[in-house]
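Residue-level structural notes
If you want the building blocks of each chain, they are given just below.
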Amino acid sequence: MQQALHRSSLVPRGFVVESAYYEGDKAVIEIRASGSVGLCPLCGTVSRRVHSRYRRRVTDLPLSGRIVQLLVVARRFCAFRGIVSADFRGS
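Residues numbered from 1 in each chain as written. Predicted model: local features only at pLDDT ≥ 70, side-chain atom pairs only at ≥ 80, totals over all residues. Heavy atoms only, no water.

A look at the packing of aromatic side chains
Under the definition given, this model contains zero aromatic pairs. Over the ring of Tyr22 we find Arg66, and its NZ or CZ is 4.0 Å from the ring centre. (Phe/Tyr/Trp six-rings, centres within 6.5 Å; stacked < 30°, edge-to-face > 60°. Lys NZ or Arg CZ within 6 Å of the ring centre and 35° of its normal.)

What follows is the structure, encoded as structure tokens:
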């Protein structure tokens, strides 16, 4: 018996699918982190303030003969420590 393919099974845990579409011979799955905060890897500061967003393209194994590309929308967070501010990336 064939099982249904759920969108959530296409991406790593902690991410959600924003959209999925075909681009030529590729299947593109646009994803973003499901969390609303970032954690500084140096000091452990938690931040909800998004400094900027950027995109990364990751090519995965083929699915039904099509190239699969994950388009990851990543966020860069900003935390203030005294006078110095620090930028860090969230997952």
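Let's talk about the nonpolar core
The biggest cluster of nonpolar side chains holds seven residues, and these are Val11, Val17, Ile29, Ile31, Val68, Leu70 and Val72. For this core, the secondary-structure elements that each account for two or more residues are strand 2 (26-33) and strand 6 (66-81). Among the elements that take part in this core, strand 6 stands out by supplying three residues, more than any other. (Core = buried A, V, L, I, M, F, W, Y, C linked by side-chain atoms within 4.5 Å. Buried < 20%, exposed > 50% of the residue type's maximum accessible area, 1.4 Å probe, protein only. Helix = DSSP H or I, 4+ residues; strand = E, 2+ residues; numbered from the N terminus.)

Things to note about the pairing of strand 2
Summarising burial for strand 2: six of the eight residues are buried, a large majority. Here strand 1 (residues 15-23) pairs with strand 2 via eight bridges, running antiparallel. Looking at strand 2, one finds that Glu23 is bridged to Lys26. The turn joining strand 1 and strand 2, which pair antiparallel and follow one another in sequence, is formed by two residues; a positive phi near 65° is taken by Gly24. (Pairing = 2+ DSSP bridges.)

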